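This is what each chain is made of:
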Amino acid sequence: MKATASLPHTARHRALAAGALAVIALAATACSSSGTSAVPGGGGTKSAVVSHSDSVAALIAAEQPATDIKPESTAAKIKARGTLRVGGTQTAALFSLLDPTTGKVAGFDAAMSQLLAKYIIGRPSTRLVNVTAQTRESLLKSHQVDTVFATYTITPERTKQVAFAGPYYQDGLAIEVRKGTAGISSLADLNGKTVVTESGSTVPTAIKKAAPKAKIQLFDTNTECTQALSQHRADAYVLDQGILAGNAAGNKDLQVLAGTFAKEPYGIGLPLDQPDFREFVNTWLRKVEANGTWAKVWKATVGTEVPGAVPTPPAVG
């Protein structure tokens, strides 16, 4: 998707109700084909949110810590520190959204980072560092974060600057509009329209290719893009389907058009100079995919708003 793993970018555990946009305003975000029907995303009830949080907490509690961490390895140093420093966001519903009632972030990315921390440290001890599409690489290079879980799309250009474990998820780009919008059902319909998306993402290239006359406006965060659309300053918002579905779940005036275009493989961003950690994280990722944990996390987070069966995880490596 966006700069955060442009494509496919834990328990995007959740405040998806009508107050989600108000929550989003509290923090900065780290971010297809046609069809006219909306992707379901009505926002769950409070009891459903509690149930989803409880199910993810149970999965994290059941995660078995690694027993073969090599001395002097990157994982060993993180274990000794006692905290996994995670580059992420607090504003991506379904992936990593701040719950003001608990002070914790919840969603697919949040859950996956906590599972990794449990595997390394023995407890889900993470410290979230807010990132944007513009800051992810620099934070990894300077080792201010150990990992980036932020719908971080893997691209050839990015692999020159950071290492990616995974991919751990694959999404597709989609179009979000205000309910009642007529004349937009595909990318080509964006010609002449004002379209918002996140700066630093791969989306502008995709839009220009399909709709060269579209007027593209870039914002740093998902929050700003959503506000521009809601306030009639834009006709459409293009980004990863999962993130847009989270927006629609918290805003009854928005809808995501059915269908996706382009593939967005999300990777776990890691420092380029720690190849041992990439191997370690990939080993863990294969384990949680094989034992069904990955699928259960998806169902409790992204799967509550994105329709369809649990997707097959993309091949790691």
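Residues numbered from 1 in each chain as written. Predicted model: local features only at pLDDT ≥ 70, side-chain atom pairs only at ≥ 80, totals over all residues. Heavy atoms only, no water.

Engineer: Summarise the nonpolar core; cite the residues concerned and give the values.
Structural biologist: Nonpolar side chains tend toward joint burial in soluble globular proteins. By size, the foremost hydrophobic cluster in this structure holds 72 residues, and its most contacted members are F108, I120, I175, L190 and W284. Apart from the residues within four sequence positions on either side, W284 is in contact with E63, M112, L115, L116, Y119 and I268. Core analysis: the next-biggest nonpolar cluster, separate from the first, contains ten residues, L140, Y152, V162 and F164 among them. (Core = buried A, V, L, I, M, F, W, Y, C linked by side-chain atoms within 4.5 Å. Buried < 20%, exposed > 50% of the residue type's maximum accessible area, 1.4 Å probe, protein only. Contact = heavy atoms within 4.5 Å.)

Engineer: Help me get a handle on the side chain of T221, residues and values and all.
Structural biologist: With respect to the helices and strands, the residue T221 is situated in the loop between β9 (215–219) and α7 (222–230). Of note is the side chain of T221, whose polar atom sits 3.1 Å from the side chain of E224. (Helix = DSSP H or I, 4+ residues; strand = E, 2+ residues; numbered from the N terminus. Polar contact = N/O pair within 3.5 Å; in protein donor to acceptor, adjacent residues only side chain to side chain.)

Engineer: Talk me through the environment of F261; I want residue IDs and the actual numbers.
Structural biologist: Tracing the backbone shows F261 in strand β12 (residues 261–270). Along the primary structure F261 and I175 are separated by 86 residues, whereas in three dimensions their C-alpha atoms are 9.4 Å apart.

Engineer: So what's going on with the sheet that holds strand β2 (residues 91–92)? Which residues, and what values?
Structural biologist: Taken together, the three strands give an open sheet; going across it, the order is β2-β3-β4, and neighbouring strands pair in antiparallel fashion. Only two strands of the sheet have a single neighbouring strand rather than two, namely β2 and β4 (104–106). Sheet topology places strand β3 (residues 96–99) next to β4; three bridges connect them, and they run antiparallel. Bridge pairing links D99 to K104 in β4. (Pairing = 2+ DSSP bridges.)

Engineer: Now, about unusual backbone geometry: what can you tell me, with residues and values included?
Structural biologist: Put simply, G166 and P167 share a cis peptide bond, and its omega is 10°. Turning to its location among the elements, P167 is positioned in strand β7 (residues 163–178). Positive phi is not limited to glycine here, since E72 has a value of about 70°. Considering the arrangement of structural elements, one finds E72 in the loop between α2 (46–62) and α3 (74–81). Even without glycine at this site, T151 takes up a positive phi of about 40°. Among the secondary structure elements, T151 is positioned in the loop between β6 (147–148) and β7.

Any functional reading would require information beyond the geometric quantities listed.
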